[in-house]
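Understanding the architecture of this molecule
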Amino acid sequence: MGGSYSLLPREVLGEYQELTFLSKQEILLAYKRFSELLPKEERENACSARVPKSQILTLPELRANPFQHRICRVFSTSDDGDDSMSFEDFLDMLSVFSDSATSDVKSHYAFRIFDFDDDGTLDRKDLEKLVNCLTGQGEESRLSNAEMEQLIQNILEESDIDKDGTINLSEFQHVVSRSPDFASSFKIVL
């Protein structure tokens, strides 16, 4: 643990604590896990390195997540659009998925993850992709067209307060606020 700490300056560690929902120990563990995703020769400069999406997806915590690609897309600040992550991107992701993050923060990022076309609303296409991610892509688990249409209609009836055919962030947050186990289930623990 001392080795990881020595590569992460005390003042930077303090800043990360202030800017995230993570404890000092969680930040140091995150730094260690992030560093391990890099080639050995890049580990000393982990704070300035980017880890390719393919490496991020090897983390057991993301490997089985049906939204793994969207999670990388939402938290990556890569200008190349390759969904690679810097250490700060990685920390932001872990912070949002931590037990200490507020329900508002979690629901904001959940909305962004579920907004597959990044247009600021959850429309029928987003909801269909969301349902397919949750139910699986196999023939035996795929809903019929009629079942999918009925489910999307039910979701919109329950959530679309202004009846415009889409769910905006405030409508989504309203629905999530009525789900007591949302915050505890929207997490990643290293």
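Just so it is clear, the structure is predicted and the values come from calculations on it, not from any experiment.

The rules we used
Residues numbered from 1 in each chain as written. Predicted model: local features only at pLDDT ≥ 70, side-chain atom pairs only at ≥ 80, totals over all residues. Heavy atoms only, no water. Helix = DSSP H or I, 4+ residues; strand = E, 2+ residues; numbered from the N terminus. Buried < 20%, exposed > 50% of the residue type's maximum accessible area, 1.4 Å probe, protein only. Contact = heavy atoms within 4.5 Å. Phe/Tyr/Trp six-rings, centres within 6.5 Å; stacked < 30°, edge-to-face > 60°. Patch = residues over 30% accessible without salt bridge, like charges linked within 9 Å, V, L, I, M, F, W, Y side chains within 5 Å. Areas by Shrake-Rupley, 256 points an atom, 1.4 Å probe, with all protein chains shown as cover. Salt bridge = Lys/Arg side-chain N within 4 Å of Asp/Glu carboxyl O. Lys, Arg positive; Asp, Glu negative; His and termini not counted. Charge placed at Lys NZ, Arg CZ, Asp CG, Glu CD. 1 Å grid on protein atoms, 1.4 Å probe; cavity = no way out; pocket = protein on both sides within 12 Å on 5 of 7 lines; lining within 4 Å. Points joined across faces, edges and corners; volume = space filled by probe spheres on them. Nonpolar A, V, L, I, M, F, W, Y, C, P; charged D, E, K, R; others polar. Core = buried A, V, L, I, M, F, W, Y, C linked by side-chain atoms within 4.5 Å. pLDDT = per-residue confidence, 0-100.

1. What about the overall build of the protein chain?
A count of helical and extended segments in the protein chain gives 12 helices and two strands. The secondary structure elements of the protein chain, listed N-terminal to C-terminal, are α-α-α-β-α-α-α-β-α-α-α-α-α-α. Taken along its principal axes, the extent of the C-alpha atoms in the protein chain is 55 × 35 × 30 Å. In the protein chain, buried positions account for 41% of the 190 residues. Across the protein chain, contacts joining residues at least 24 apart in sequence account for 53% of those joining residues at least 6 apart.

2. As for the packing of aromatic side chains
Summed over the entire model, instances satisfying the criterion amount to 11 aromatic pairs. Through pairs of rings, three or more aromatic residues link up here, namely Tyr-16, Tyr-31, Phe-34, Phe-87 and Phe-90.

3. With respect to a negative patch on the surface
On the surface, Glu-11, Glu-15, Glu-18, Glu-88 and Asp-92 cluster together into a patch of negative charge. No other element matches the three residues that helix 2 (residues 10-19) contributes to the negative patch. If you trace the backbone, Glu-88 turns up in helix 7 (residues 87-96).

4. Description of the layout of surface pockets
Roughly 600 Å³ of volume is contained in the largest pocket. Lining of the largest pocket is provided by 26 residues; of these, Phe-114, Leu-130, Phe-172, Val-176 and Phe-182 occupy positions nearest its centre. Going through the elements one at a time, helix 8 (103-114), helix 9 (124-135), helix 10 (145-159), helix 11 (169-177) and helix 12 (182-185) are the ones with two or more residues in the lining of the largest pocket. Sorting elements by how many residues they give to the lining of the largest pocket places helix 9 first, with five residues. Partitioned by chemical class, the residues of the lining of the largest pocket number 18 nonpolar, five polar and three charged. In this structure, the second largest pocket occupies an estimated 200 Å³ of space. In terms of lining, the second largest pocket is formed by Leu-22, Glu-26, Leu-29, Ala-30, Leu-94, Phe-97, Ser-98, Asp-99, Ser-100, Ile-188, Val-189 and Leu-190. Considering every element that reaches the lining of the second largest pocket, the biggest residue donor is helix 3 (residues 24-36), with three residues. Its residues placed into classes, the lining of the second largest pocket shows eight nonpolar, two polar and two charged.

5. Points about the nonpolar core
Counting 49 residues, the largest nonpolar core has Phe-75, Phe-90, Met-93 and Ile-113 as its most contacted members. Those elements giving two or more residues to this core turn out to be helix 2, helix 3, helix 6 (68-75), helix 7, helix 8, helix 9, helix 10 and helix 11. Met-93 has contacts with Leu-62, Ile-71, Phe-75 and Met-85, leaving out every residue within four places of it along the chain.

6. Describing the environment of Asp-117
As for its placement among the helices and strands, Asp-117 is situated in the loop between helix 8 and helix 9. Discounting chain neighbours no more than four positions away, the residues touching Asp-117 are Asp-123 and Asp-126.

7. Some remarks on the pattern of salt bridges
Here the structure, examined in full by the defined rule, presents nine salt bridges. Linking Arg-178 and Glu-158 is a salt bridge whose minimum nitrogen-to-oxygen distance equals 2.5 Å. In this pair, Arg-178 is assigned in the loop between helix 11 and helix 12 and Glu-158 in helix 10, connecting sequence segments 20 residues apart. Several salt bridges converge on common partners, so that one network encompasses Lys-53, Arg-73 and Asp-83.

8. Some points on the confidence of the model for the protein chain
Close inspection of predicted coordinates is inappropriate in any region flagged by low pLDDT. On average, residues of the protein chain score 93 in pLDDT, and 96% of them are at 70 or above. Low pLDDT (under 50) marks residues 1-5, which in the prediction has six contacts with non-local residues, meaning those over four places away or in another chain.

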